[in-house]
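# Structure at a glance
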Amino acid sequence: MPTNTPMTQPGWKGFIFSGMDHQGEFRRAALELGISSDEISRFSQHLRLSIGLSVGGGSPVGQLGGLPRLPMDMKWPSAGDAPLPLLLSVDCGALPRVDGFDLPADGTLLFFVDQEMDYADSSGRYARVVHVPDGTETAVAEAPSSTCVREQLDVSAELRAELPLWLREGDEDEDWHEFWEDLDWEDMSPFQQQLVRYMERDLPHLDELRALAHGLWPSGAGVVIGGYADAEVINSIAEQTLAGREKAGQISAIPTVKWYSHLEKEKHRLTSEWISLARESRVYEAYCTSFVIRHDDLAAARVDKALAVTKFEAP
């Protein structure tokens, strides 16, 4: 495989490891399985640790719902005259640290979203992310209306392992896994064939490494901070990006028969550019919102640049 492929290109990084030496913990356990150091390093490029938030459990690091503490001079975030409900608030200083995931070191992150309106309107005006640094004079905000206040539930945090969609097990995303399983080699795009060759040649112990990672850091939380951006969100960004480049004349028009292959490459590239800031599963609600952000914007604390996408899944 050429060295400039998306699997090895500069800027592609797994950033799962903090000062607690999670990297060393994983490497030592993998070496004990007889897996080579080189293969462990290749796998670790794709492995990320995210922060799972669950109701109850250990010490609270934030809350679902409730009332926010806002700066004294700040009004409740709204879309026009419609106040946005508080979905989640987290104490950045209380969260586990994950190297490469540049959350603010202190202060509170507040996620506001009117999920029903955000689902119907893709403009982004019905969602907002606010960072309140430590030392800011704040007060518990008075709710503009009862409709923007959800039940408050304390959440605790634990680390969890994540892999990109194309490296996941079938039970993590059954539809995707079955789609690939049902494809004959000649029906795959050249890029899909490239990924398969990479997995077979460079990650021969993929099953063992994947099981080890999920054994050390199990998944299952209802709300997740960090990790890989939602696949549907990345797909939407990739489609808009390619269409925009075509329209601007930055790339030649892509033939319809080659569109899917180009889209796969673009999605793969974007997984290293974008990260999930926060996302919820359908554990609590039929509406589920994902907040995603570029690495550079998060590192510069530009949390207002986060994009929100709300999905609806009938119970």
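Along each chain, the written sequence defines residue order, and numbers are assigned to residues from 1. Only residues with pLDDT of 70 or above have their local features reported here, since the model is predicted, and side-chain atom pairs are shown and tallied only from 80 upward, although totals for entire chains, interfaces and linings are computed over all residues. Values shown for side chains rest on all heavy atoms present in the structure; no hydrogens or waters enter the calculation.

On average, residues of the protein chain carry a pLDDT of 85, and 87% of them reach 70 or more. For the protein chain, the element scoring lowest by mean pLDDT is helix α4 (residues 174-182), at 48; strand β7 (residues 108-113) scores highest, at 97. Each residue gets a pLDDT score, which is the predictor's confidence in that residue and runs from 0 to 100. Contacts between residues were defined by any pair of non-hydrogen atoms, one from each residue, lying within 4.5 Å. For the stretch residues 8-13, pLDDT sits under 50, and the model shows 17 contacts to residues farther than four places along the chain or on other chains. Numbering goes from the N terminus for both helices and strands, where a helix is a DSSP run of H or I of at least four residues and a strand is a run of E of at least two.

Next up on the list: the pattern of salt bridges. The salt bridge definition used is simple: a Lys or Arg side-chain nitrogen within 4 Å of an Asp or Glu carboxyl oxygen. Under the defined criterion, the tally for this structure stands at twelve salt bridges. Put simply, Glu264 and Lys267 hold a salt bridge, and the shortest N to O gap is 3.5 Å. On the criterion of helical spacing, the pair formed by Glu264 and Lys267 is a turn pair, its members being three residues apart in helix α8 (residues 256-270). In this structure, Arg269 engages Glu273 in a salt bridge whose closest nitrogen and oxygen atoms are separated by 2.8 Å. Judged by its relative accessible area of 23%, Glu273 falls in the partly exposed class. The network of salt bridges with shared partners includes Arg245, Glu266, Arg269, Glu273 and Arg294. Throughout, exposure labels follow a simple rule: accessible area from a 1.4 Å probe, protein chains only, divided by the maximum for the residue type, with under 20% read as buried, over 50% as exposed, and the rest as partly exposed.

Turning next to helix α6 (residues 206-216). If you check which residues of α6 are buried, you get Leu206, Leu209, Arg210, Leu212, Ala213 and His214. Contacts from the buried residues of α6 go to α1 (22-32), α2 (37-44), β10 (153-162) and α5 (190-202).

Across a sheet, strands are paired by hydrogen bonds formed along the backbone, either parallel or antiparallel in direction. Two strands pair under a simple rule: DSSP has to find at least two bridges between them. The ten strands are arranged β8-β7-β6-β2-β10-β1-β11-β12-β13-β14 in an open sheet whose pairing can be described as antiparallel. The outermost strands of the open sheet, each flanked by one partner alone, are β8 (127-132) and β14 (307-312). Within the sheet, the average angular offset between the axes of one strand and its neighbour, ignoring direction, is 25°. Where strand β1 (residues 48-55) and β10 come together, eight bridges link them in antiparallel fashion. Across the sheet, the residue bridging to Leu53 is Ala157, located in β10. For helices, the axis comes from a line fit to the C-alpha atoms of the stretch in contact; other axes are also lines fit to C-alpha atoms, and the angle between any two N-to-C directions lies between 0 and 180 degrees.

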